[in-house]
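Chain and residue survey
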Amino acid sequence: MLTKRRNDMSEEKNYLLLLKQLQALVKDEPDPIANLSNSAALLNQFMDRINWVGFYLLKNSQLVLGPFQGLPACTRLEVGKGVCGTAVQENKTQRVADVHKFPEHIACDVASRSEIVIPLRKNNQIVGVLDIDSPELDRFNELDQIYLEKFCEQLMNDLPSIF
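Reading the values: the criteria
- Residues numbered from 1 in each chain as written.
- Predicted model: local features only at pLDDT ≥ 70, side-chain atom pairs only at ≥ 80, totals over all residues.
- Heavy atoms only, no water.
- 1 Å grid on protein atoms, 1.4 Å probe; cavity = no way out; pocket = protein on both sides within 12 Å on 5 of 7 lines; lining within 4 Å.
- Points joined across faces, edges and corners; volume = space filled by probe spheres on them.
- Helix = DSSP H or I, 4+ residues; strand = E, 2+ residues; numbered from the N terminus.
- Expected span 1.5 Å × (residues − 1).
- Polar contact = N/O pair within 3.5 Å; in protein donor to acceptor, adjacent residues only side chain to side chain.
- Salt bridge = Lys/Arg side-chain N within 4 Å of Asp/Glu carboxyl O.
- Buried < 20%, exposed > 50% of the residue type's maximum accessible area, 1.4 Å probe, protein only.
- Contact = heavy atoms within 4.5 Å.
- Nonpolar A, V, L, I, M, F, W, Y, C, P; charged D, E, K, R; others polar.
- Pairing = 2+ DSSP bridges.
- Phe/Tyr/Trp six-rings, centres within 6.5 Å; stacked < 30°, edge-to-face > 60°.

**A look at empty space enclosed by the protein**
Considering all chains together, one arrives at 1 cavity of 30 Å³ or more under this definition. Lining the largest cavity are 20 residues, with Ile 106, Cys 108, Glu 115, Asp 131 and Asp 133 positioned closest to its centre. Put simply, the parts of the chain that give the lining of the largest cavity at least two residues each are strand E1 (52-59), helix H3 (82-90) and strand E6 (125-134). A per-element tally of the lining of the largest cavity places H3 first, with 4 residues.

**Quick notes on helix H4 (residues 142-158)**
Residues spaced three or four apart along an α-helix point in a common direction, a consequence of the helix completing one turn every 3.6 residues. Under the 1.5 Å per step criterion, the end-to-end length of H4 is 25 Å for 17 residues, consistent within 8% with the ideal 24 Å. The N-capping residue of H4, defined by a side-chain oxygen 3.0 Å from the backbone nitrogen of Leu 143, is Asn 141.

**As for the pattern of salt bridges**
Within the structure shown, the criterion is met by 4 salt bridges. Residues Asp 48 and Arg 49 are paired through a salt bridge, measuring 3.1 Å at the closest nitrogen-oxygen approach. Relative accessible area serves as the criterion here: at 23%, Arg 49 is assigned to the partly exposed category. Close ionic contact of Glu 136 with Arg 49 constitutes a salt bridge, the shortest N to O distance being 2.9 Å. Placement of Glu 136 in the loop between E6 and H4 and of Arg 49 in the loop between helix H2 (32-46) and E1 is noted, with a sequence separation of 87 residues between them. Three or more residues are tied together by salt bridges with common partners; here these are Asp 48, Arg 49, Glu 136, Arg 139 and Asp 144.

**Concerning the side chain of Gln 94**
Structurally, Gln 94 can be placed in strand E4 (residues 94-96). At 3.2 Å, the side chain of Gln 94 forms a polar contact with the side chain of Glu 90. A polar contact is formed between the side chain of Gln 94 and the backbone oxygen of Lys 92, at a distance of 3.3 Å. In this structure Gln 94 touches Val 83, Thr 86, Ala 87, Phe 102, Glu 115, Ile 116 and Val 117, once residues within four positions along its chain are discounted.

**Some details on the layout of surface pockets**
Put simply, the largest pocket is a space of about 180 Å³. Lining the largest pocket, in full, are Thr 93, Ile 118, Pro 119, Leu 120, Arg 121, Lys 122, Asn 123, Glu 149, Cys 152, Glu 153, Met 156 and Asn 157. Of all the secondary-structure elements, those providing two or more residues to the lining of the largest pocket are strand E5 (114-122) and H4. Residues belonging to the lining of the largest pocket are distributed by class as follows: 5 nonpolar, 3 polar and 4 charged.

**Here's the deal with the pairing of E1**
Within E1, 6 of the 8 residues are buried, leaving the element largely enclosed by the surrounding structure. In textbook terms, the turn of a hairpin is the stretch between consecutive antiparallel strands, and for E1 and strand E2 (residues 62-70) this stretch comprises 2 residues, one of which, Asn 60, has a positive phi near 50 degrees. Both E1 and E6 contribute to a ladder of 6 bridges, which runs antiparallel. Following the sheet pairing, Leu 57 is matched in E6 by Gly 128.

**Observations concerning the packing of aromatic side chains**
This structure, assessed with the given rule, holds 3 aromatic pairs. Seen from their ring centres, Trp 52 and Phe 68 are 5.3 Å apart, and the 20 degrees between their planes marks the pair as stacked. With a gap of 16 residues between them, Trp 52 in strand E1 and Phe 68 in strand E2 connect regions that are remote in the sequence. In this structure Trp 52 comes out as buried when scored by relative accessible area, which is 4%. Among the residues examined, Phe 68 registers a relative accessible area of 27% and is labelled partly exposed.

As structure tokens, this is what we get:
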């Protein structure tokens with residue numbers, strides 16, 4: 001389990017371990033859904049103070065719920081709406097300290113207070129997003145963003161293309 005934020009050095013070591021574990025988990029498995037499922041479970045195990053982690057996959061110009069850990073979630077999200085849809089529309093990570101102040105926030109879980117959403121790219125195309133919610137305000141910091149973006153890049157490099 002990731003340690004509570006004692007300092008950036010220990011947190012960075014935890015993220016490096018997470019990346020190694022991701023590589024070991026997905027390197028010999030060709031099925032993308034199995035790998036996305038295990039990746040969500042891995043993040044859920046390693047990250048503290050979160051209440052939802054999972055993937056939305058881009059299909060027919062909508063984000064459709066994929067593998068996740070947490071309470072039941074919204075099944076379809078429109079591109080350009082909410083934190084996930086904005087991440088796709090702007091093609092960049094969205095790190096939101098207070099989701100209740102985010103325009104058109106979509107509340108799948110009312111307990112969520114902060115969120116980070118990272119676009120998933122395969123062959124320079126967005127194919128989905130990684131979405132992580134927390135019941136704490138301002139839970140995600142710059143170091144989280146850096147390493148979660150690396151996590152997504154590594155995952156997409158190892159996944160066969162089904163998108």
